[in-house]
Amino acid sequence: MDPIFMDERLKPIYAKVRQGTRLSKEDGICIYQTRDLLGAGKIAHAARCARHGNTAFYVYNQHLNYTNICKNRCRFCAYAKDRQESGAYAWSIEEISRRLMDRIDEPVDELHIVGGLNEALGFDYYMDLLKTVKQIRPHAAIKAFTCVEIDYLSRLSGLGVDETIAHLKEAGLDMMPGGGAEILNTRIHDALFPKKIDHTRWIEIVKAVHKAGITTNATMLYGHIETIEERVDHLITLREIQDETHGFSAFVPLAFHSKNTRMPELPPTTAVDDLKSVAAARLMLDNFDHIKAYWVMIGEPLSQVALSFGADDLDGTIIEERITHTAGASSAKGLTREQMEHMIRKAGFEPVQRDSFYNPKTRTGR
Ligand code: V47
Ligand code: SF4
């Protein structure tokens, strides 16, 4: 039986999704604008279940933010500091080894490594970082650096983008997270992150990374000054890249947190907007397998609900998240495997612990 929609405009969208017809920009805008949140959620849930049934994924991961010193100083970022500011840090390779060794008895499958653009660190530092992490954790995947860092490293090393990626891959880079895209458009770039690479360069780099056989995630930072149309355009741009490269693994909507940023007056995103962002992503990104509800940003309770609005993945255990907590996130800094599984089960789904490439983990050994 077809679901009952309070908003008649959702009926043709549901029909398209059932037939496997691609949604238009207007459909995307409608999903965001509708007052029928549950109707939009039902369509997204149907699309999610068609791909993943009752499964909800999570990964046992550890975040390492090797430096918060960054020359870009994006307006939305609470994490970055200037070198001389109090609280600025850059971890030595020894410090990184220590942090890995501190948790060596835990079954970590993924190391999520990102940092600021710190001009005191040479290209050798990045190579040593990857090699050291691989040596200490040979069986964990290294998910490191955004396209912003790849562009920076290519300039730092004087190597072209392709050669830079090849060196990083050789040193142990397995995949890349989705950060740095923000909203892929010139207006937002110029207003919020003028020193960071723009959307043209981000697209150029992500395509080069995919061509080199490295998969990446994609993100969208929402809830600041962007319009709904700009959000939908962002999703369509990602969909077009995916048609060409098939290199995106998951999409992660990132809810803006304003505390300690240069836009402290902006209110937090609402639960309705967070859920619509998940649903719109699931429905517009018909060529993405995975949509993540990043519990750190939207909180543990809402991420449970998001599993019924199109999300199939809750990201991971994390343990020490810094970027969003510096900007005021009130979620936990990390969760245990038991807590992740409890959250998923209580939301009515079957938890599957995965590796970075969505292969289910068997529970024997590390
Ligand atoms: O690029 C920065 C965002 C990103 C704030 O790929 C902020 O699996 C909210 O990309 N409020 C980094 N967001 C984090 C990221 C990520 C996180 C988890 C999983 C994955 C993945 C990727 O965080 C940045 C920027 O878009 N960010 N400041 C803020 N104040
Ligand atoms: Fe630097 Fe990234 Fe923060 Fe921008 S978002 S200031 S590039 S660390």
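Numbering of residues starts from 1 in each chain and follows the order in which that chain's sequence is written. Here the convention is simple: chains get letters from A, ligands get numbers from 1, in the order in which they are written. For this predicted model, a pLDDT threshold of at least 70 governs which residues receive local features, and a threshold of 80 or more governs which side-chain atom pairs are given and counted, while totals over whole chains, interfaces and linings are taken from all residues.

In the nomenclature of an unreviewed UniProt entry, the protein chain corresponds to Aminodeoxyfutalosine synthase from the organism Desulfotignum phosphitoxidans DSM 13687. UniProt positions are given in the numbering used here, feature names are shortened, and annotations may be inferred rather than shown by experiment. The record held by UniProt for the protein chain lists under Sequence similarities (unreviewed entry) the comment "Belongs to the radical SAM superfamily. MqnE family."

1. Examining the overall build of the protein chain
Helix and strand assignments follow DSSP, with helices taken as H or I runs no shorter than four residues and strands as E runs no shorter than two, numbered in order from the N terminus. From N to C terminus, the protein chain includes 15 helices and 10 strands. For the radius of gyration, the atom set is restricted to C-alpha positions; the globular benchmark scales as 2.2 Å times the number of residues to the power 0.38. For 366 residues, the compact-globule estimate of 2.2 N^0.38 gives 21 Å, and the C-alpha radius of gyration of the protein chain, at 20 Å, lies within 12% of that figure. Three exposure classes are used. Buried residues have 20 or more other C-beta atoms within 10 Å of their own C-beta, exposed residues have 12 or fewer, and partly exposed residues fall in between, all C-beta atoms being placed from the backbone. Here the protein chain, with 366 residues, has 47% of them falling under the buried criterion. Long-range pairs, those at least 24 residues apart, make up 79% of the contacts in the protein chain between residues at least 6 apart in sequence. Any pair of residues counts as being in contact when their C-beta atoms, constructed from backbone geometry, are within 7 Å of one another.

2. Here we look at the site of ligand 1
Neighbouring ligand 1 are 21 residues, the closest being Pro-177, Gly-178, Gly-179, Asn-217 and Ala-327. Listing elements by their share of the shell around ligand 1, those giving two or more residues are strand S6 (215–222), strand S7 (248–255) and helix H14 (323–326). Sort the elements by how many residues they give to the shell around ligand 1 and S6 lands first, with 3 residues. Note on definitions: a residue is near a molecule or strand provided its C-beta atom, placed from the backbone, lies within 6 Å of it.

3. As for the UniProt feature "domain: Radical SAM core" (unreviewed entry) in the protein chain
The positions that UniProt labels "domain: Radical SAM core" (unreviewed entry) are, in the present scheme, residues 56–289. Taken end to end, residues 56–289 is 42% helix and 15% strand, and its first and last C-alpha atoms sit 12 Å apart.

4. Let's talk about unusual backbone geometry
Phi is mostly negative for residues that are not glycine, and the peptide bonds are mostly trans. Positive phi outside glycine occurs at His-246, with the angle close to 55 degrees. Its location among the elements puts His-246 in the loop between helix H10 (228–245) and S7.

5. Remarks on the site of ligand 2
By nearness alone, every residue bordering ligand 2 is listed as Cys-70, Asn-72, Arg-73, Cys-74, Cys-77, Tyr-79, Ala-80, Gly-116, Leu-117, Val-148, Phe-193 and Lys-196. Split by residue class, the shell around ligand 2 holds 8 nonpolar, 2 polar and 2 charged. For this classification, Asp, Glu, Lys and Arg are treated as charged, while Ala, Val, Leu, Ile, Met, Phe, Trp, Tyr, Cys and Pro are nonpolar and the rest, including Gly, are polar.

6. Concerning the environment of Phe-309
The residue Phe-309 is located in the loop between helix H13 (300–306) and strand S9 (313–316) in this model. According to the C-beta neighbour criterion, Phe-309 is buried, with 27 such atoms within 10 Å. Distance from Phe-309 to Ala-293, taken between C-alpha atoms, is 9.6 Å for residues 16 residues apart in sequence. Contacts of Phe-309, omitting those with residues within four sequence positions, involve Gly-41, Ala-44, His-45, Leu-275, Val-278 and Ala-279.

7. Some remarks on H10
To estimate how far a helix should reach, multiply one less than its number of residues by 1.5 Å. If you check H10, its first and last C-alpha atoms are 26 Å apart, about what 18 residues at 1.5 Å a residue would give, namely 26 Å. The complete set of buried residues in H10 reads Arg-231, Val-232, His-234, Leu-235, Leu-238, Arg-239 and Ile-241. Backbone geometry just downstream of H10 places His-246 in the positive-phi region, at approximately 55 degrees.

8. Considerations on the nonpolar core
Among the nonpolar cores identified, the biggest contains 102 residues, and Phe-251, Val-278, Ala-279, Leu-283 and Ala-293 are the most heavily contacted of them. It is helix H11 (residues 271–284) that provides the largest number of residues to this core, a total of 7 residues. Leaving out residues up to four positions away in the same chain, Leu-283 has contacts with Val-17, Leu-23, Ile-31, Ile-43, Ala-44 and Ala-47. Note on definitions: a nonpolar core is a set of buried residues drawn from Ala, Val, Leu, Ile, Met, Phe, Trp, Tyr and Cys, linked by C-beta atoms within 7 Å.

9. Here we look at the pairing of strand S4 (residues 141–144)
On S4, burial covers both faces: Ala-141 and Lys-143 on one face and Ile-142 and Ala-144 on the other are all buried. Both strand S3 (residues 110–113) and S4 contribute to a ladder of 4 bridges, which runs parallel. Paired with Leu-111 across the two strands is Ile-142, which belongs to S4. Read as a crossover between parallel neighbours, the route from S3 over helix H5 (residues 123–136) to S4 is right-handed. Whether two strands pair depends on DSSP finding at least two bridges between them. Crossover handedness is defined here as right-handed if the route from the first strand over the helix to the second strand goes clockwise, with the strands pointing away from the viewer.

10. Here's the deal with the UniProt feature "binding site: S-adenosyl-L-methionine" (unreviewed entry) in the protein chain
UniProt records the feature "binding site: S-adenosyl-L-methionine" (unreviewed entry) at Phe-76 and Glu-182, using the numbering of this structure. A compact arrangement is adopted by the annotated residues: their sequence extent is 107 residues, whereas the largest C-alpha distance between any two is 9.9 Å. Beyond its immediate chain neighbours, meaning those up to four positions away, Phe-76 contacts Leu-192, Leu-221, His-224, Phe-256, Thr-261 and Met-263. In this structure Glu-182 touches Ile-188, Leu-192, Phe-193 and Leu-221, once residues within four positions along its chain are discounted.

11. A short note on the packing of helix H7 (residues 161–171) against helix H9 (residues 199–211)
As a packed pair, H7 and H9 sit with axes 10 Å apart at the nearest point and diverge in direction by 50 degrees. Taken as axis vectors, H7 and H9 run oblique relative to one another. Of the two possible hands of crossing, H7 and H9 adopt the one that is right-handed. The segment H7 lies against H9, with Val-161, Asp-162 and Ile-165 engaging Ile-205, Ala-208 and Val-209. The residue makeup of the contact of H7 with H9, split by class, is 5 nonpolar, no polar and 1 charged. Working convention: axes come from line fits to C-alpha atoms, limited for helices to the stretch in contact. Angles between N-to-C directions cover 0 to 180 degrees. An angle below 35 degrees is read as roughly parallel, one above 145 as roughly antiparallel, one from 65 to 115 as roughly perpendicular, and any other as oblique. Definitions for this section: a left-handed crossing has its near helix turned counterclockwise from the far helix by less than a right angle. A right-handed crossing has that turn clockwise.

12. Notes on the sheet that holds S9
The parallel open sheet is built from 3 strands, whose spatial order is S9-S1-S10. Each having just a single partner strand, S9 and strand S10 (350–354) make up the two edges of the open sheet. Put simply, the sheet's adjacent strands are angled 25 degrees from each other on average, direction ignored. Judged from the 5 bridges that link them, strand S1 (residues 55–59) and S10 form a sheet pairing that is parallel.

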